[in-house]
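These are the residues of each chain, in order.
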Amino acid sequence: MRVLFIGDIVGSPGRQIVQHRLADIVAQRQIDLVIANGENSASGFGITPRLAEELLNMGIDVLTGGNHSWDRREILEYMPHESRLLRPANFPDGNPGSGLYVGTAKNGVKYAVLNLQGRVFMASIDDPFRKADSELAKIPADVAFVFVDMHAETTSEKLAMGWYLDGRVTAVVGTHTHVTTADEHVLPEGTAFITDVGMTGPHGGVIGMDRQGIIRKFLDGLPARFEVASGDVQMNCVLIETADEAPRNAAGRLRARSIERLRFLID
Ligand SMILES: [Fe+2]
Ligand SMILES: [Fe+2]
């Protein structure tokens, strides 16, 4: 089984490169399932119902979120009606939506996607580690592929989650910093891991936003509105391949055979 994960999609340049490239990538690399982080798809801040539908219609099966999931107010009402749009599971109980989705990929394999968010240098939401335990316990036994998007600021919290879930899920992939790390590997018990996939959008600014505004903010410290950057549009992804013939992990899920970083550019 081959699964593509697309790092944080930023603004219209991010959406456009996915629109441009995804169908070919899926066909050429025989992808069975596509997951993407969409927390920055609305001009860098949040996601709207229209944009969620646009991205799902491009061939993305499940959208994950993060600290920006709630930036657009209109998503609050929509989220409970679209189970394929996730937000971090460890937001406090009572928030709309869910952090866990269970579905069937186009190859017939049942899969689950779990979205978590870190707490170091981020909002003090619920414990992502204990929340991972309780959410993973909800996943039916016949689910073969389990994917975790760990949306977090620090390398240490993400790698700790990778080790914590090694042998219990097929992949733990970090998002949020928008900067790709070069540490993709498969942990000893078969869980694929990378600290951060990086982002899908313009790299001509600072983590997706226009560089002049960001530099000014560092110089004067005043509140500022940021615009999406332009130039050097990249689509940063990882491709996870499962070891279908290998024994399942301790939780009965597929092990990863490999994790590969992929970077696509605008033609
Ligand atoms: Fe992001
Ligand atoms: Fe984020």
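All values derive from a computational prediction rather than experimental measurement.

1. Quick look at the coordination of the iron ion (ligand 2)
Link 1 in the chain: The coordination sphere of the iron ion (ligand 2), as far as protein atoms go, consists of Glu-39 (OE), Asn-67 (OD1), His-151 (NE2) and His-176 (ND1), spread over 2.1 to 2.2 Å.
Link 2 in the chain: One can describe the donor arrangement at the iron ion (ligand 2) as irregular, given that its four donor atoms subtend angles of 87 to 146° at the metal.
Link 3 in the chain: Of note, the donors binding the iron ion (ligand 2) are all from one chain and are spaced E-x27-N-x83-H-x24-H.
Link 4 in the chain: Look at His-151 and you get buried, because its relative accessible area is 0%.

2. Description of the side chain of Thr-154
Link 1 in the chain: For Thr-154, the location among the structural elements is in the loop between strand S6 (145-151) and helix H5 (155-165).
Link 2 in the chain: Using a relative accessible area of 11% as the deciding quantity, one classes Thr-154 as buried.
Link 3 in the chain: Of note is the side chain of Thr-154, whose polar atom sits 3.2 Å from the backbone nitrogen of Glu-157.

3. Quick look at H5
Link 1 in the chain: Restricting attention to buried positions, one finds in H5 the residues Glu-157, Lys-158, Met-161, Gly-162 and Leu-165. Mapping the buried residues of H5 onto a view down its axis gives an arc of 145°, with all of them on the same face.
Link 2 in the chain: Where H5 is buried, its residues touch strand S5 (110-117), helix H4 (128-136), S6, strand S7 (171-175) and strand S9 (192-194).
Link 3 in the chain: At the C-terminal side of H5, Gly-167 shows a positive phi close to 90°.

4. Points about the nonpolar core
Link 1 in the chain: Leu-4, Ile-6, Leu-22, Ile-60, Leu-63 and Met-235 are the most contacted members of the largest nonpolar core, which has 33 residues in total.
Link 2 in the chain: Going through the elements one at a time, strand S1 (2-6), helix H1 (11-28), strand S2 (33-37), helix H2 (49-57), helix H3 (75-78), strand S11 (233-243) and strand S12 (255-265) are the ones with two or more residues in this core.
Link 3 in the chain: If you tally residues by element for this core, the top one is H1, at five residues.
Link 4 in the chain: If we skip the residues at most four places from it in the chain, Leu-63 touches Ala-36, Gly-38, Ile-47, Ala-52, Leu-55, Leu-56, Arg-84, Leu-85 and Leu-86.
Link 5 in the chain: With 24 residues, the next largest nonpolar core counts Leu-33, Tyr-101, Ala-105 and Ala-171 among its residues.

5. Concerning the environment of Asp-32
Link 1 in the chain: Summarising the element assignment, Asp-32 is placed in the loop between H1 and S2.
Link 2 in the chain: When the C-alpha positions of Asp-32 and Pro-188 are compared, they lie 24 Å apart, and in sequence the two are 156 residues distant.
Link 3 in the chain: The residues contacting Asp-32, other than those within four sequence positions of it, are Met-1, Arg-2, Ala-105, Lys-106 and Asn-107.

6. Quick look at the packing of aromatic side chains
Link 1 in the chain: Evaluated as defined, the whole model comprises four aromatic pairs.
Link 2 in the chain: Ring geometry for Tyr-101 against Tyr-111: centres 6.1 Å apart, planes inclined by 50°, an arrangement best described as tilted. In this pair, Tyr-101 sits in strand S4 (residues 100-104) while Tyr-111 sits in strand S5, placing the two residues 10 residues apart along the sequence.
Link 3 in the chain: According to the relative accessible area criterion, Tyr-101 is buried, its value standing at 15%.
Link 4 in the chain: Over the aromatic face of Tyr-164 sits the side chain of Arg-168, whose NZ or CZ is 5.1 Å from the ring centroid.

7. Concerning the coordination of the iron ion (ligand 1)
Link 1 in the chain: Those protein atoms acting as donors to the iron ion (ligand 1) are Asp-8 (OD), Glu-39 (OE), Asn-40 (OD1) and His-178 (NE2), and they sit at 2.0 to 2.1 Å.
Link 2 in the chain: With four donor atoms in place around the iron ion (ligand 1) and angles of 88 to 162° between them, the coordination shape is irregular.
Link 3 in the chain: Sequence positions of the residues that donate to the iron ion (ligand 1) give the spacing D-x30-E-N-x137-H.
Link 4 in the chain: A distance of 3.5 Å spans the gap from the iron ion (ligand 1) to the iron ion (ligand 2), which Glu-39 bridges by coordinating each metal. Residue Asp-8 is found in the loop between S1 and H1, and its partner Asn-40 is found in the loop between S2 and H2; the two are separated by 32 residues along the sequence.

8. Description of the pattern of salt bridges
Link 1 in the chain: Scanning the model with the defined rule gives 15 salt bridges in all.
Link 2 in the chain: In this structure, Asp-133 and Arg-168 form a salt bridge, with 2.6 Å as the shortest nitrogen-oxygen distance. Highlighted residues: Asp-133 in helix H4 and Arg-168 in the loop between H5 and S7, separated in sequence by 35 residues.
Link 3 in the chain: Here Asp-133 falls in the partly exposed class, since its relative accessible area comes to 27%.
Link 4 in the chain: With a closest N to O distance of 4.0 Å, Arg-257 and Glu-241 form a salt bridge. Of this pair, Arg-257 sits in strand S12 while Glu-241 sits in strand S11, and the two are 16 residues apart along the sequence.
Link 5 in the chain: Residue class for Arg-257 comes out partly exposed when judged on its relative accessible area of 46%.
Link 6 in the chain: Residues participating in the shared-partner salt-bridge network are Arg-2, Glu-241, Glu-245 and Arg-257.

9. Some thoughts on the pairing of S5
Link 1 in the chain: When you tally the buried positions in S5, you get seven out of eight residues, the bulk of the element.
Link 2 in the chain: Examined bridge by bridge, S4 and S5 share five bridges and lie antiparallel to one another. Following the sheet pairing, Gly-103 is matched in S5 by Tyr-111.
Link 3 in the chain: Counted along the chain from S4 to the antiparallel partner S5, the turn is five residues long, and its residue Gly-108 has a positive phi close to 90°.
Link 4 in the chain: The pairing of S5 with S6 spans seven bridges and is parallel. Within S6, the position partnered with Leu-114 by the bridge is Val-148.
Link 5 in the chain: After leaving S5, the chain enters H4 and then returns to the sheet as S6, a path that is right-handed.

Thresholds applied
Residues numbered from 1 in each chain as written. Chains lettered and ligands numbered in written order. Predicted model: local features only at pLDDT ≥ 70, side-chain atom pairs only at ≥ 80, totals over all residues. Heavy atoms only, no water. Donors = N, O, S within 2.8 Å, 3.2 Å for Na, K, Ca; no water. Tetrahedral: all angles 85-135°; square planar, octahedral: opposite > 155°, others 65-115°. Buried < 20%, exposed > 50% of the residue type's maximum accessible area, 1.4 Å probe, protein only. Helix = DSSP H or I, 4+ residues; strand = E, 2+ residues; numbered from the N terminus. Polar contact = N/O pair within 3.5 Å; in protein donor to acceptor, adjacent residues only side chain to side chain. Arc of directions from axis to C-beta. Contact = heavy atoms within 4.5 Å. Core = buried A, V, L, I, M, F, W, Y, C linked by side-chain atoms within 4.5 Å. Phe/Tyr/Trp six-rings, centres within 6.5 Å; stacked < 30°, edge-to-face > 60°. Lys NZ or Arg CZ within 6 Å of the ring centre and 35° of its normal. Salt bridge = Lys/Arg side-chain N within 4 Å of Asp/Glu carboxyl O. Pairing = 2+ DSSP bridges. Right-handed = clockwise from strand over helix to strand, strands pointing away.

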